[in-house]
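Each chain is listed here by its residues.
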Amino acid sequence: GNKPSRRESVASLFAEALSDTSVGDPPPQFAIMFGASVEKIGDEVQQMAAQMQSANIPTETSGDTKREQTIEEKQLWALVDMMVQSKMLVRRATVAQ
C-alpha cells in the first residue's frame, strides 16, 4: 500500500536529516538509529509472521494457486523498502559518486 507517499515521507525525512552532511562525512546518528530501528521492527514482524504461519498450517493447495500476502508480509516488505531507501539516501549524501 501507499508506496509513493511512504517513499516521499522517508525522502523528506532524510533530506532534512542529511542537510548538513557532506561527502566523506560519517552517516549521522539519526541515520544509524533509523536503520537499527527498522531492522529491529522487521525482526519482530518476521517473528510474528512465523508464529502465525506455524499456527495456521494450510491444507494442501495446488501449485498454481496464488495466495494473498498477509498483513505481516506486506509490513515486512514495506520495512525492507524503507531500509533500502534510507541506506541509499545516506550513501548518496556521504559517498562520492
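The coordinates are above.
Per chain, residues are indexed from 1 in the order of the written sequence. Thresholds applied to this predicted model are a pLDDT of at least 70 for local features of residues and 80 or more for the giving and counting of side-chain atom pairs; totals over whole chains, interfaces and linings are not thresholded and use all residues. For side-chain calculations, the full set of non-hydrogen atoms in the structure is used, while hydrogens and water are omitted.

## Looking at the overall build of the protein chain
Then comes step 1: Numbering of helices and strands runs from the N terminus; a helix is a DSSP stretch of H or I covering at least four residues, while a strand is a stretch of E covering at least two. Secondary structure assignment for the protein chain yields 3 helices and 0 strands.
Then comes step 2: Secondary structure elements of the protein chain occur, N-terminal to C-terminal, as α-α-α.
Then comes step 3: Here the protein chain holds 97 residues, and the buried ones make up 25% of them.
Then comes step 4: Should any heavy atoms of two residues lie within 4.5 Å, those residues are counted as being in contact. The long-range share in the protein chain, meaning contacts at least 24 apart out of those at least 6 apart in sequence, stands at 76%.
Then comes step 5: Using the Shrake-Rupley algorithm and a 1.4 Å probe, accessible areas are obtained, with residue cover drawn only from the displayed protein chains. A total of about 7400 Å² of accessible surface is found on the protein chain, and carbon and sulfur atoms cover 56% of it. Burial classification: accessible surface area is computed with a 1.4 Å probe over protein chains only, and a residue below 20% of its type maximum counts as buried, one above 50% as exposed, and the rest as partly exposed.

## Comments concerning the nonpolar core
Then comes step 1: Within the largest apolar cluster, 12 residues are counted, these being Val-10, Phe-14, Leu-18, Ala-31, Phe-34, Val-38, Val-45, Leu-79, Met-82, Leu-89, Val-90 and Ala-93.
Then comes step 2: Elements that contribute at least two residues to this core include exactly helix H1 (3-17), helix H2 (29-55) and helix H3 (71-94).
Then comes step 3: It is H3 that provides the largest number of residues to this core, a total of 5 residues.
Then comes step 4: When residues no more than four places from it in sequence are discounted, the contact partners of Met-82 are Arg-6, Val-10 and Phe-34. In plain words, nonpolar cores are sets of buried Ala, Val, Leu, Ile, Met, Phe, Trp, Tyr and Cys residues tied together by side-chain atoms within 4.5 Å.

## So, the side chain of Arg-6
Then comes step 1: One can find Arg-6 in helix H1.
Then comes step 2: Arg-6 gets classed as buried once you look at its relative accessible area, which sits at 18%.
Then comes step 3: Any pair of N or O atoms that falls within 3.5 Å is considered a polar contact. Within protein, one atom must be able to donate a hydrogen and the other to accept it, and sequence-neighbouring residues count only if both atoms are side-chain atoms. One polar contact links Arg-6 to Asp-81, side chain to side chain, over a distance of 3.0 Å.

## Here's the deal with the packing of H2 against H3
Then comes step 1: Running from N to C, H2 and H3 point in directions that differ by 160°, and their axes come no closer than 9 Å. In this view, H2 runs roughly antiparallel relative to H3, as classed from their interaxial angle. Relative to H3, the crossing made by H2 is left-handed. Packed against H2, whose contacting residues are Ala-31, Phe-34, Val-38, Glu-39, Ile-41, Gly-42, Val-45, Gln-46, Met-48, Ala-49 and Met-52, the element H3 presents Glu-72, Gln-75, Leu-76, Leu-79, Met-82, Met-83, Ser-86, Lys-87 and Val-90 at the interface.
Then comes step 2: Classifying every residue of the contact of H2 with H3 gives 13 nonpolar, 4 polar and 3 charged. Axis geometry follows a simple rule: fit a line to the C-alpha atoms, using only the stretch in contact for helices, then measure angles between N-to-C directions, giving values from 0 to 180 degrees. By definition in this entry, angles of less than 35 degrees are roughly parallel, angles greater than 145 are roughly antiparallel, angles of 65 to 115 are roughly perpendicular, and the rest are oblique. Rotating anticlockwise by less than a right angle from the far helix to the near helix defines a left-handed crossing, while the corresponding clockwise rotation defines a right-handed one. Three classes are used, and their members are as follows: Ala, Val, Leu, Ile, Met, Phe, Trp, Tyr, Cys and Pro are nonpolar, Asp, Glu, Lys and Arg are charged, and the others, Gly among them, are polar.

## What to know about the pattern of salt bridges
Then comes step 1: When a carboxyl oxygen of Asp or Glu lies within 4 Å of a side-chain nitrogen of Lys or Arg, that pair is called a salt bridge. The full count for this structure, using the stated rule, is 4 salt bridges.
Then comes step 2: Among the ionic pairs, Glu-39 bridges to Lys-87, the shortest N-O distance being 3.9 Å. Residue Glu-39 is located in helix H2, and its partner Lys-87 is located in helix H3; the two are separated by 48 residues in the primary sequence.
Then comes step 3: Here Lys-87 falls in the partly exposed class, since its relative accessible area comes to 47%.

## Thoughts on the packing of aromatic side chains
Then comes step 1: Two aromatic rings from Phe, Tyr or Trp, using only the six-membered ring of Trp, form a pair when their centres are within 6.5 Å; if the ring planes differ by under 30 degrees the pair is stacked, by over 60 it is edge-to-face, and anything between is tilted. On inspection of all chains with the given rule, the structure shows 3 aromatic pairs.
Then comes step 2: Grouped by ring-pair contacts, the aromatic residues Phe-14, Phe-30 and Phe-34 constitute a single cluster.

## Section: H3
Then comes step 1: Here a helix's expected span is defined as the number of its residues, less one, multiplied by 1.5 Å. Helix length check: H3 (24 residues) gives 34 Å between terminal C-alpha atoms against 34 Å at 1.5 Å per residue, within 8%.
Then comes step 2: Glu-72, Ala-78, Leu-79, Asp-81, Met-82, Gln-85, Ser-86, Leu-89, Val-90, Ala-93 and Thr-94 are the residues of H3 that are buried.

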